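# A closer look at the structure
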Amino acid sequence: MARIIRVFDTTLRDGEQAPGCSMNVQEKIDVAKKLEQLGVDVIEAGFPISSPGDLESVKTIAGIIKGSSVAGLCRSLEKDIDAAREALEHAAAPPRIHIFLATSPIHMEWKLKMKPDEVLEQAVSAVTYAKKFCSDIEYSAEDASRSDRDFLCKVFAAVIKAGATTVNIPDTTGYAMPAEFGDLVKYVACHTPGIEKAVISCHVHNDLGLAVANSLSAIGGGAGQVECTINGIGERAGNASLEEIVMALRVRNMFWDADTKVDTTQIYNVSRLVTQVTGVKVQPNKAIVGENAFAHEAGVHQHGVLANRATYEIMTPESIGIPQNRMVLGKHSGRHAFDERLKELGFSLEQAALDGIFAQFKVLADKKKVVSDRDIEALAMGVSASIPETWTLDTWFVNSVSGLSSTSTVKLRHKDGTTRKETEVGDGPIEAAFKAIDRITRKPVRLELYELGAITGGKTAQGETMVKIERDGKRWNGRGVSTDIIESSIKAYVAAINAMEA
Ligand code: MN
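Below you will find a few notes about this structure.

Analysis parameters
Residues numbered from 1 in each chain as written. Predicted model: local features only at pLDDT ≥ 70, side-chain atom pairs only at ≥ 80, totals over all residues. Heavy atoms only, no water. Helix = DSSP H or I, 4+ residues; strand = E, 2+ residues; numbered from the N terminus. Buried < 20%, exposed > 50% of the residue type's maximum accessible area, 1.4 Å probe, protein only. Contact = heavy atoms within 4.5 Å. Expected span 1.5 Å × (residues − 1). Polar contact = N/O pair within 3.5 Å; in protein donor to acceptor, adjacent residues only side chain to side chain. Salt bridge = Lys/Arg side-chain N within 4 Å of Asp/Glu carboxyl O. Phe/Tyr/Trp six-rings, centres within 6.5 Å; stacked < 30°, edge-to-face > 60°. Lys NZ or Arg CZ within 6 Å of the ring centre and 35° of its normal. Donors = N, O, S within 2.8 Å, 3.2 Å for Na, K, Ca; no water. Pairing = 2+ DSSP bridges. Axes fitted to C-alpha atoms, helices over the stretch in contact; angles between N-to-C directions. Left-handed = near helix turned anticlockwise from the far one by under 90°. Nonpolar A, V, L, I, M, F, W, Y, C, P; charged D, E, K, R; others polar. Core = buried A, V, L, I, M, F, W, Y, C linked by side-chain atoms within 4.5 Å. 1 Å grid on protein atoms, 1.4 Å probe; cavity = no way out; pocket = protein on both sides within 12 Å on 5 of 7 lines; lining within 4 Å. Points joined across faces, edges and corners; volume = space filled by probe spheres on them.

Glancing now at the side chain of Thr10. Assignment of secondary structure puts Thr10 in the loop between strand 2 (6–9) and helix 1 (25–38). A residue is classified by how much of its surface remains accessible, and Thr10, at 0% relative accessible area, is buried. In this view, Thr10 contacts Gly15, Glu44, His203, Cys228, Thr229 and Asn239; residues no more than four positions away in its chain are not counted.

This is the structure:
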């Protein structure tokens, strides 16, 4: 029988702390639902005391998610725990309170300005307090990998006695080496009185590119839970990547048959959704979910793969849910084939949304001979973000000549049925169009990120634009897809504004 390792996903908390990765409540709900479908054990949905918005999103997610436990993060302070309690009190599944307090000399002396005995006492009193209203308590010894091992064991023994059911060993700074980190976990497992009453967890950062290696080594050392994020997003160089850990365990059968309950065929889908809502793309050579992860370029490799895929593939793209082009869809394809393909790609959409995408598909098929799965996916993602449309694009016009300013006229339709049209001048067509939109909405925003890419190769590829806008310190993402890059840019900008208005 496999040894089941719990997956604690922190995409919505640590992942969201990554530069440029902020998500709004609706986006967090969409991601949480996908994580539940993926089969993760715990979803860390936020840090409730950090802002009213964070508290609200933890509360909303906890109310919806039934298949995974939802966790809220707290410092070891009563007011933090009270905020987490408020966020989790109506949770649909038994929730978790996650408390952290650093144990390393450098953190205790410089950040906390506390003596080791005081840290021990505060950790115990926080766990004792939280245990009064939540049975599932995780305690994290922040910067554990740079802590004194015996002090770490002493703190863990004390918090387990106070009711902690998971004790987490974070490599907060990404400093550990795999053998050393596995050994630390083993040391904790062997030298902590009462450890059999708790699950040992690891939480590793990727500053030296070793987050996944260290997490696997921790599992080898006895950890029963891994903390990770989709696409490895997170503070600085990121967290351990969920998809890499899960697939390493699935492909290699290591550490006494360790495995997770994750449905790996959902991985690609969740990865794409996180890319979409954060606007942060994964590098092409990223393991498991990168664009090139299953591309075979060299002739000798292609020859081998055609003869037998196992020659150069240790896992199949199907196993992580990468859509395969089996049937070509084009302008003659019918509604049934189209709906079937969407289902295969992992989208379950309402009838109205299906009608909308099918109409867009027909328009696209007129422009492109062959519509690829990636194209369809791009169309479906545009509507599945489920953000109400305050504004929709009616028409646009740009005039661009080399050496001169560009002019753009944009006409948007408001949900109240009225239309507004404005003209602006800019350094380029995109700037002119965005300025015209700002004039229409009368809510100028700051453009923080603008990224343009092609979904598939070739001259008829669809352009995909990601934008991030900022207003009063809050941020929203938008994504637009079109065979025309100016149109995809305008759509992305309008989508971000709609997210702001939602
Ligand atoms: Mn972290």
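So, about helix 6 (residues 149–162). In this model, helix 6 (14 residues) spans 20 Å end to end at C-alpha, consistent with the 20 Å of a helix rising 1.5 Å per residue. By the burial criterion, the buried members of helix 6 are Phe151, Leu152, Cys153, Val155, Phe156, Ala157, Val159, Ile160 and Ala162. Buried residues along helix 6 sit against helix 4 (105–112), helix 5 (116–131), strand 6 (137–140), strand 7 (166–171) and helix 7 (178–191). Its side-chain oxygen placed 3.2 Å from the backbone nitrogen of Asp150, Asp148 serves as the N-cap of helix 6. Positive backbone phi, approximately 125 degrees, marks Gly163, located one or two places after helix 6.

Bringing the pattern of salt bridges into the picture now. Applying the stated rule across the entire model yields 26 salt bridges. A salt bridge links Arg96 to Glu138; its shortest N-O distance comes to 2.7 Å. Pair noted here: Arg96 is in strand 5 (residues 96–100) and Glu138 is in strand 6, with a separation of 42 residues, a long-range link. The pair Arg96 / Glu138 is uniform in exposure class, with both members buried. Residue Lys491 pairs with Glu487 through a salt bridge whose shortest N-O separation is 3.8 Å. Placement of the pair is Lys491 and Glu487 together in helix 17 (residues 485–501), with a separation of four residues, close to one helical turn. One salt-bridge network, held together by shared partners, links Arg13, Asp14 and Glu44.

What follows deals with the packing of aromatic side chains. Under the defined criterion, the tally for this structure stands at eight aromatic pairs. Pairing Tyr129 with Phe133 gives two aromatic rings, centres 5.5 Å apart and planes at 85 degrees, and the pair type is edge-to-face. An angle of 80 degrees between the planes, with centres 6.1 Å apart, marks the rings of Tyr139 and Phe156 as edge-to-face. Here Tyr139, found in strand 6, pairs with Phe156, found in helix 6; they are 17 residues apart in sequence, far enough to count as distant. This pair shows no difference in class: Tyr139 is buried, exactly as Phe156 is. Above the face of the Phe133 ring, Arg85 is positioned so that its terminal group lies 4.0 Å from the ring centre. Of note, Arg149 hangs over the ring of Tyr187, and the distance from its end group to the ring centre comes to 5.3 Å.

Binding of the manganese ion to the protein goes through Asp14 (OD), His203 (NE2) and His205 (NE2), at separations of 1.9 to 2.3 Å. Along the chain, the residues donating to the manganese ion fall in the pattern D-x188-H-x1-H. Here Asp14, found in the loop between strand 2 and helix 1, pairs with His205, found in the loop between strand 8 (199–204) and helix 8 (211–221); they are 191 residues apart in sequence, far enough to count as distant. Like Asp14, the residue His205 is buried in the burial classification.

Now for the sheet that holds strand 13 (residues 419–426). Spatially, 11-12-13 is the arrangement adopted by the three strands of the open sheet, whose pairing is antiparallel. At either margin of the open sheet sits one strand with a lone partner, and together these are strand 11 (391–399) and strand 13. Here the strands of the sheet are splayed against their neighbours by 20 degrees on average, with no regard to which way each runs. In the sheet, strand 12 (residues 406–414) pairs with strand 13 via eight bridges, with the strands oriented antiparallel. Residue pairing across strands places Thr407 opposite Val425, the latter belonging to strand 13. Across the face of the sheet, helix 16 (residues 429–441) comes into contact with strand 11, strand 12 and strand 13 while running at roughly 140 degrees to strand 13. Helix-sheet contacts for helix 17 involve strand 11 and strand 12, and the interaxial angle to strand 11 is about 145 degrees.

The next point concerns the environment of Gly417. Position of Gly417 among the secondary structure elements: in the loop between strand 12 and strand 13. Gly417 gets classed as exposed once you look at its relative accessible area, which sits at 51%. Taking the C-alpha atoms as reference points, Gly417 and Asn292, 125 residues apart in sequence, are found 45 Å from one another.

A few words now on the packing of helix 16 against helix 17. Across the interface, helix 16 lies against helix 17 with an axial gap of 10 Å and an inter-helix angle of 30 degrees. Between helix 16 and helix 17 lies a crossing whose hand is right-handed. Within the contact between the two elements, helix 16 uses Pro429, Ile430, Ala433, Phe434, Ile437, Asp438 and Thr441 and helix 17 uses Ile485, Ile486, Ser489, Ile490, Tyr493, Val494 and Ile497. For the contact of helix 16 with helix 17, the residue count by class is eleven nonpolar, two polar and one charged.

Turning our eyes to something else, we now look at the nonpolar core. One finds Ile97 and Tyr139 to be the most contacted residues of the largest nonpolar core, which totals 95 residues. Counting residues per element, this core draws most heavily on helix 6, at eight residues. Core analysis: the second largest hydrophobic core is formed by 23 residues, Val410, Leu412, Ile469 and Met500 among them.

The next thing to look at is the pairing of strand 16 (residues 474–482). Most of strand 16 is tucked away: seven of the nine residues are buried. In terms of strand pairing, strand 15 (residues 463–471) meets strand 16 through nine bridges, oriented antiparallel. Looking at the pairing, Val467 lines up with Gly478 of strand 16. Taking the residues between adjacent antiparallel strands as the criterion, strand 15 and strand 16 are bridged by two residues, where Asp472 takes a positive phi near 50 degrees.

So, on to the layout of surface pockets. Taken as a whole, the second largest pocket spans an internal volume of roughly 720 Å³. In this structure, the second largest pocket is lined by 27 residues; those nearest its centre are Tyr268, Gly290, Glu291, Ile322 and Arg374. Sorting elements by how many residues they give to the lining of the second largest pocket places helix 11 (residues 267–278) first, with four residues.

Moving on: helix 8. Burial analysis of helix 8 places ten of its eleven residues in the buried class, which makes it a mostly covered element. Taken residue by residue, helix 8 has Ala211, Val212, Asn214, Ser215, Leu216, Ser217, Ala218, Ile219, Gly220 and Gly221 as its buried positions. Positive backbone phi, approximately 120 degrees, marks Gly222, located one or two places after helix 8.

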